[in-house]
Amino acid sequence: LFGYVGIEAVLDQMKIKTMKTGFEFNIMVVGQSGLGKSTMVNTLFKSKVSRKSSQPGQEERIPKTVQLQSITHVIEEKGVKMKLTVTDTPGFGDQINNENCWDPIMKYINEQYERYLREEILITRKRKIPDTRVHGCVYFVPPTGHWLRPLDLEFMRRLSKIVNVVPVIAKADTLTLEERAEFKQRIQEDLKIHAISVYPQEDFDQDPEDRALNDRIREKIPFAVVGADQEHQVNGKRVLGRKTKWGIIEVENPAHCEFPLLRDLLIRSHLQDLKDITHNVHYESYRVRRLNESNR
Ligand code: GDP
Ligand code: MG
């Protein structure tokens, strides 16, 4: 009648435990200035993830981002609290010389690993170490329709070694559907040629089932996204979108852009996987590197 272990009961316990402790999830947006990063942060928070906390009529202009800045919302669903933090970064590429423009971003990511490590090696550890590590880094590719620029390749190459990189085609409303598809194909080729391993990394597929699911995602990466922080009335419903002379581009409408795919990947289907890879792969290699250094 009952299984030997009573796996149901174990699952219940795990669920209750998660409900009590809640969890933390951290995302970062990176890319050249003017590509819609700050807008995307607002889009994420205003879209279905946290509809409740958005207050209509309180639209504010987004100022130019001049420093790293984190915004945290606590989202509660079915009794589980998720602390979602999105870190916005100043765009690079404003300078004539973009050499080392990745330094502040790499530094921030490593500092969060360092913080975690410091807590972890204490003799009396906290039961739950505050987690500010970046679980996913959304990299904005400019919608040129050509190939990836050397700067984007170099940036992603470096980032992908320390963090989960999720590339997106920024401002996809500036490309036709054919242009989007072609550009996407070129970027996929470019990444392959340069051996840049973006999320979900093929090396970390757990089993054939996982592989099949992730293969389908890899075909669609980078997602062609559109961001918006204004709501409009469409057929009696309020939708997040960009109003143009030709109509409204609805960011949450899968027929209009792939923002829903990005949101679902990050906050729904792959949240735990992003956290696991961050902990087991990226943080682990940081930890090994650091502890080796201090043993010398
Ligand atoms: P950031 O410098 O990357 O943070 O870019 P911002 O979010 O400040 O956006 C720069 C400009 O691009 C603003 O005028 C935005 O309204 C506009 N913008 C943001 N997202 C999109 C998009 O998806 N499509 C288009 N066409 N414009 C966008
Ligand atoms: Mg900005």
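Residues numbered from 1 in each chain as written. Chains lettered and ligands numbered in written order. Predicted model: local features only at pLDDT ≥ 70, side-chain atom pairs only at ≥ 80, totals over all residues. Heavy atoms only, no water.

(A) Fine view of the layout of surface pockets. Size it by volume and the largest pocket reaches roughly 1200 Å³. Of all the elements in the fold, those that place two or more residues in the lining of the largest pocket are helix H1 (7-21), strand S1 (23-31), strand S2 (69-77), strand S3 (80-88), helix H7 (259-269) and helix H8 (271-295). When residues in the lining of the largest pocket are grouped by element, the largest group, six residues, is from H1. Taken together, the residues that form the lining of the largest pocket break down as eleven nonpolar, six polar and 13 charged. (1 Å grid on protein atoms, 1.4 Å probe; cavity = no way out; pocket = protein on both sides within 12 Å on 5 of 7 lines; lining within 4 Å. Points joined across faces, edges and corners; volume = space filled by probe spheres on them. Helix = DSSP H or I, 4+ residues; strand = E, 2+ residues; numbered from the N terminus. Nonpolar A, V, L, I, M, F, W, Y, C, P; charged D, E, K, R; others polar.)

(B) Broad picture of unusual backbone geometry. Across the junction of Tyr199 and Pro200, the peptide omega takes the value -5°, indicating a cis bond. Phi at Ala195 takes a positive value of approximately 50°, unusual for a residue other than glycine. Inspection of the secondary structure puts Ala195 in the loop between helix H5 (177-193) and helix H6 (208-220). Overall, the relative accessible area of 65% leaves Ala195 in the exposed class. A positive phi angle, near 50°, is found at Asn235, a position not held by glycine. Inspection of the secondary structure assignment puts Asn235 in the loop between strand S7 (231-234) and strand S8 (237-244). In this structure Asn235 comes out as exposed when scored by relative accessible area, which is 75%. (Buried < 20%, exposed > 50% of the residue type's maximum accessible area, 1.4 Å probe, protein only.)

(C) Spotlight on the sheet that holds S8. Strand order in the open sheet formed by three strands is S7-S8-S9, and the pairing between neighbours is antiparallel. Of all the strands in the sheet, the pair left with one neighbour each is S7 and strand S9 (247-250). Neighbour-to-neighbour, the strand axes of the sheet open up by a mean angle of 70°, direction not taken into account. Alignment of S7 against S8, held across four bridges, turns out to be antiparallel. Bridge pairing in S8 places Glu231 opposite Leu240. (Pairing = 2+ DSSP bridges. Axes fitted to C-alpha atoms, helices over the stretch in contact; angles between N-to-C directions.)

(D) Structural context of the side chain of Asp152. As for its placement among the helices and strands, Asp152 is situated in helix H4 (residues 150-159). Looking at Asp152, its side chain comes within polar contact range of the side chain of Tyr139, at 2.6 Å. Once you skip the residues sitting within four places of it in the chain, Asp152 turns out to touch Tyr139 and Pro142. (Polar contact = N/O pair within 3.5 Å; in protein donor to acceptor, adjacent residues only side chain to side chain. Contact = heavy atoms within 4.5 Å.)

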